Amino acid sequence: MSTFPDKPTLHLLCGKIAAGKSTLSAKLMAAPSTILVSEDSWLAALYGEQMQSVADYVACSGKLKNALTPHLVSLLRSGLSVVLDFPANTLANRQWMKTLIDQAGVDNRLHYLDVPDDVCRERLRARNSSGTHDFAATDAQFDLITRYFVAPDESEGFTIIRYA
């Protein structure tokens, strides 16, 4: 199965903090007629300093999803593939993503980066030190957010591509 199908496709990214989702999204968007929509970029631009807690993130992310839903469906229906660099890490997030796929009538690829916690923590610390990411998460925030992580399952209706 090709990672870059000819039909418009919604590419989804699942993996813990610092698993490599944004790095992979940059590679995926190199395919013809493919664009990237990054949650971190939008949240930083729109809400920046307003996001001080996980609850703030959830509220701001929800607003962003509501605002972008019709636009994303329109892009997909127009024939573009979209790399959606939003975390497909919970059932609720994936349900929202599934509605995009269903409304647009497109293919999907759920790219699951199955990276151990210790590797993610090491990458997170390096990313925080470099200052190159829109948001810096602490180890405590990593632990808190990781508690909500649910690995994807075939029964959810996605085409899962696993990276170990």
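Residues numbered from 1 in each chain as written. Predicted model: local features only at pLDDT ≥ 70, side-chain atom pairs only at ≥ 80, totals over all residues. Heavy atoms only, no water.

- Where an unreviewed UniProt entry is consulted, the protein appears under the name Cell division protein ZipA, with the organism given as Cedecea neteri.

1. Some thoughts on the packing of aromatic side chains
- Applying the stated rule across the entire model yields 2 aromatic pairs.
- Considering the side-chain rings of Phe86 and Trp96, the 5.5 Å spacing of their centres and the 40° angle between planes classify their relative orientation as tilted. You can see Phe86 sitting in strand 3 (residues 81-87) and its partner Trp96 sitting in helix 4 (residues 91-104), a full 10 residues away along the chain. Across the pair, Trp96 and Phe86 agree in class, each one buried.
- Between the aromatic rings of Tyr112 and Phe149, the centroid separation amounts to 6.3 Å while the plane-to-plane angle is 25°, which identifies the pairing as stacked. Note that Tyr112 is positioned in strand 4 (residues 107-113) and Phe149 in the loop between helix 6 (139-146) and strand 5 (160-163), a separation of 37 residues in sequence.
- For the cation-ring pair, Lys16 lies above Phe149, with the distance from its terminal atom to the ring centre recorded as 5.4 Å. (Phe/Tyr/Trp six-rings, centres within 6.5 Å; stacked < 30°, edge-to-face > 60°. Helix = DSSP H or I, 4+ residues; strand = E, 2+ residues; numbered from the N terminus. Buried < 20%, exposed > 50% of the residue type's maximum accessible area, 1.4 Å probe, protein only. Lys NZ or Arg CZ within 6 Å of the ring centre and 35° of its normal.)

2. Section: the sheet that holds strand 4
- One open sheet accounts for 5 strands, arranged 2-3-1-4-5; its pairing is parallel. Of all strands in the sheet, those with a lone pairing partner are strand 2 (34-38) and strand 5, marking the two edges. Between one strand and the next, the sheet's axes are offset by a mean angle of 20°, whatever the strand orientation.
- Sheet analysis places strand 4 next to strand 5, joined by 4 bridges and oriented parallel. The partner of Leu110 across the bridge, within strand 5, is Ile160.
- Its contacts with the sheet place helix 2 (residues 39-46) against strand 2 and strand 3, and it is angled at close to 45° to strand 2.
- Strands strand 1 (9-14), strand 3 and strand 4 of the sheet are contacted by helix 4, whose axis makes an angle of about 165° with strand 3. (Pairing = 2+ DSSP bridges. Axes fitted to C-alpha atoms, helices over the stretch in contact; angles between N-to-C directions. Contact = heavy atoms within 4.5 Å.)

3. Let's talk about the state of the cysteines
- One pass over the full model with this rule turns up 0 disulfides.
- Of the cysteine sulfurs around Cys120, a residue in no disulfide, the closest is that of Cys14, at 11 Å.
- Under the relative-accessibility criterion, Cys120 is labelled buried at 0%. (Disulfide = S-S within 2.5 Å.)

4. Describing the pattern of salt bridges
- Under the definition given, this model contains 7 salt bridges.
- Between Arg94 and Glu156 there is a salt bridge whose closest N-O contact spans 2.7 Å. You can see Arg94 sitting in helix 4 and its partner Glu156 sitting in the loop between helix 6 and strand 5, a full 62 residues away along the chain.
- The residue Asp139 makes a salt bridge to Arg125 at a minimum N-O spacing of 2.7 Å. With a gap of 14 residues between them, Asp139 in helix 6 and Arg125 in helix 5 (residues 117-130) connect regions that are remote in the sequence.
- For Asp139, a relative accessible area of 29% puts it in the partly exposed group.
- Accessibility expressed as a relative area gives 42% for Arg125, which makes it partly exposed. (Salt bridge = Lys/Arg side-chain N within 4 Å of Asp/Glu carboxyl O.)

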